[in-house]
Amino acid sequence: MAAPRRTRVVRSMMRRLESKTPAAATRLATLAPDDHEVQIRKARLINRSSGPEAAANYIASLGTSWDDPELLSRRAYYLERGSNYTAAAETYARIIQLSPSETHGYMRRALCLKEIGDLKGAIECAEIAAELDPSAPEPHELVLDLSKGIPGWKRLKILEAGAQSHSDSLDWQRRLASQAFSMKQWQLAARAYEWCERHGDEGNDALFAGIALSRQGNITEARAHWLTAVRRDKRLFRFKGVVAGCGSRRHG
């Protein structure tokens, strides 16, 4: 039987057999040793019968696996499933070498490095992913998640970098506004809170937009925002001292 036809037959038979007689399906894989689909199916069957470590070891035993991003991705997946994060991180490093413009390898390596305590390396990988695809929200969210406890100026930088990819996210814009406010970056805080005021319905957004504007000396604009705040939430009348005198009540 010609090789391409034999491979098609093996694929078809494995699909039929893998749920009922997985051992037979596994043995069939030896008839098509160079076919990705067949070998990935065999690894999946090994994972079911012997666990993720055995599946990862099987893929590693394939002669071309270290130069094949698809097989490497499967191996890394099984290594993560088996909580072998060190080996998974090394595998993702190889994937990055082979596909340096793809964000997936950086994202997964970042998560593995986080698990083994290499927070600095994890943040670096996540930041590269964010740079490669600035419009994707996930890398920016990962960077922010990994960066808890870092200096405020760096957290603000991360939030600013992710603002474009989160242009419709009230949660992200509020975090940006809050961080800018806490660092007395009044212009940025005002702009972010004004965005939240336009796209949301919470009185606090208008209240703190007004406070940020007042800190820049824009009292007339500030009062307009405060009126909106009180219209939205009458409980904000308790802030009348801040509203009237542009006082120093702390941002909550």
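Anything mentioned here points back to the structure above.
None of the values given here were measured: they were computed from a predicted structure. Within any chain, residue numbers begin from 1 and follow the written order of that chain's sequence. Owing to the predicted nature of the model, reporting of local features is limited to residues with pLDDT of at least 70; listing and counting of side-chain atom pairs is limited to 80 or more, with chain, interface and lining totals taken over all residues. To obtain the side-chain values, all non-hydrogen atoms of the structure were used and water was disregarded.

Secondary structure is summarised from DSSP: a helix means a run of H or I of at least four residues, a strand means a run of E of at least two, and numbering begins at the N terminus for each. Scanning the chain from N- to C-terminus turns up 15 helices and 0 strands. Three labels apply to residues, based on accessible area from a 1.4 Å probe with only protein chains included: buried if under 20% of the type maximum, exposed if over 50%, partly exposed otherwise in between. Counting the 252 residues in the chain, one finds 44% classified as buried. We call two residues contacting when some pair of their heavy atoms lies within 4.5 Å. For the chain, long-range pairs separated by at least 24 residues make up 41% of all intrachain contacts whose partners lie at least 6 apart in sequence. Carbon and sulfur atoms make up 50% of the accessible area of the chain, which amounts to about 13800 Å² in all. The accessible surface values rely on the Shrake-Rupley method and a 1.4 Å probe; as for residues, cover is taken only from the protein chains in view.

Right, let's get into the packing of helix α7 (residues 103-115) against helix α8 (residues 119-132). It is at 8 Å that the axes of α7 and α8 come closest, and there the two elements cross at 160 degrees. One finds that α7 runs roughly antiparallel with respect to α8. Taken as a pair, α7 and α8 cross one another with a handedness that is left-handed. Side by side, α7 and α8 meet where Thr103, Tyr106, Met107, Arg109, Ala110, Leu113 and Lys114 of the first sit next to Gly121, Ala122, Cys125, Ala126, Ile128, Ala129 and Leu132 of the second. Axis lines are fitted to C-alpha atoms, over the contacting stretch for helices. Their N-to-C directions set the angle, which ranges from 0 to 180 degrees. What sets the label is the angle itself: under 35 degrees gives roughly parallel, over 145 gives roughly antiparallel, 65 to 115 gives roughly perpendicular, and the rest give oblique. The handedness criterion is simple: a crossing whose near helix is rotated anticlockwise from the far helix by less than a right angle is left-handed, and one whose near helix is rotated clockwise is right-handed.

The next subject is the pattern of salt bridges. Whenever Lys or Arg places a side-chain nitrogen within 4 Å of a carboxyl oxygen from Asp or Glu, that contact is recorded as a salt bridge. Per the stated rule, a full pass over the model turns up 7 salt bridges. In this structure, the salt-bridge partner of aspartate 145 is lysine 114, at a minimum N-O distance of 3.4 Å. You can see aspartate 145 sitting in helix α9 (residues 137-146) and its partner lysine 114 sitting in helix α7, a full 31 residues away along the chain. Residue aspartate 145 is classed as partly exposed on the basis of its relative accessible area, which comes to 32%. The network of salt bridges with common partners includes Arg174, Glu202 and Asp205.

Bringing unusual backbone geometry into the picture now. In this model, serine 83 sits at a positive phi of 65 degrees, which is unusual for a non-glycine residue. Turning to its location among the elements, serine 83 is positioned in the loop between α5 (69-81) and α6 (85-98). For serine 83, a relative accessible area of 47% puts it in the partly exposed group. One non-glycine residue with positive phi stands out, namely lysine 184, at about 60 degrees. Relative to the helices and strands, lysine 184 is located in the loop between α11 (170-182) and α12 (186-199).

Let us look at α9. Looking only at α9, the buried set comprises Pro139, His140, Leu142, Val143, Leu144 and Leu146. Elements in contact with the buried residues of α9: α7, α8, α10 (152-161) and α11.

On to the nonpolar core, then. To define a nonpolar core, start from buried Ala, Val, Leu, Ile, Met, Phe, Trp, Tyr and Cys residues and group those joined through side-chain atoms within 4.5 Å. By size, the foremost hydrophobic cluster in this structure holds 59 residues, and its most contacted members are Ala110, Leu146, Leu176, Phe181 and Leu207. Considering every element that reaches this core, the biggest residue donor is helix α13 (residues 203-215), with 7 residues.

Pairing of aromatic rings covers Phe, Tyr and the six-membered ring of Trp, with a centre-to-centre limit of 6.5 Å; geometry is then stacked below 30 degrees between planes, edge-to-face above 60, and tilted otherwise. For the structure on display, the rule yields 5 aromatic pairs. Ring plane angle 80 degrees and centroid distance 6.4 Å describe the contact between phenylalanine 181 and tyrosine 193, whose orientation is recorded as edge-to-face. Residue phenylalanine 181 is found in helix α11, and its partner tyrosine 193 is found in helix α12; the two are separated by 12 residues along the sequence. Just as phenylalanine 181 is buried, tyrosine 193 falls in that class too. Through pairs of rings, three or more aromatic residues link up here, namely Phe181, Trp186, Tyr193 and Phe208.

As a further point, take the environment of alanine 55. Its location among the elements puts alanine 55 in helix α4 (residues 52-61). Classification of alanine 55 by relative accessible area gives buried; the value is 0%. Between the C-alpha atom of alanine 55 and that of arginine 44, which follows or precedes it by 11 residues, the distance is 6.9 Å. Beyond its immediate chain neighbours, meaning those up to four positions away, alanine 55 contacts Ala43, Ile46, Asn47 and Tyr78.

For a helix, the expected span equals 1.5 Å multiplied by the residue count minus one. Helix length check: α5, at 13 residues, gives a terminal C-alpha distance of 18 Å against a target of 18 Å (1.5 Å per residue), a fit within 8%. Those residues of α5 not exposed but buried are Leu71, Leu72, Arg75, Ala76, Tyr78, Leu79 and Glu80. Residue aspartate 68 occupies the N-cap position of α5, its side-chain oxygen lying 2.9 Å from the main-chain nitrogen of glutamate 70. The positive-phi residue at the C-terminal boundary of α5 is serine 83, with phi of around 65 degrees. Under this definition, polar contacts are N or O atom pairs within 3.5 Å; protein pairs additionally need one hydrogen-donor-capable and one acceptor-capable atom, and for neighbouring residues in sequence, both atoms have to be side-chain atoms.

Take threonine 91: it is sitting in helix α6. With residues near it in sequence (within four places) discarded, threonine 91 still touches Trp66, Leu72, Arg75, Ala76 and Leu79.

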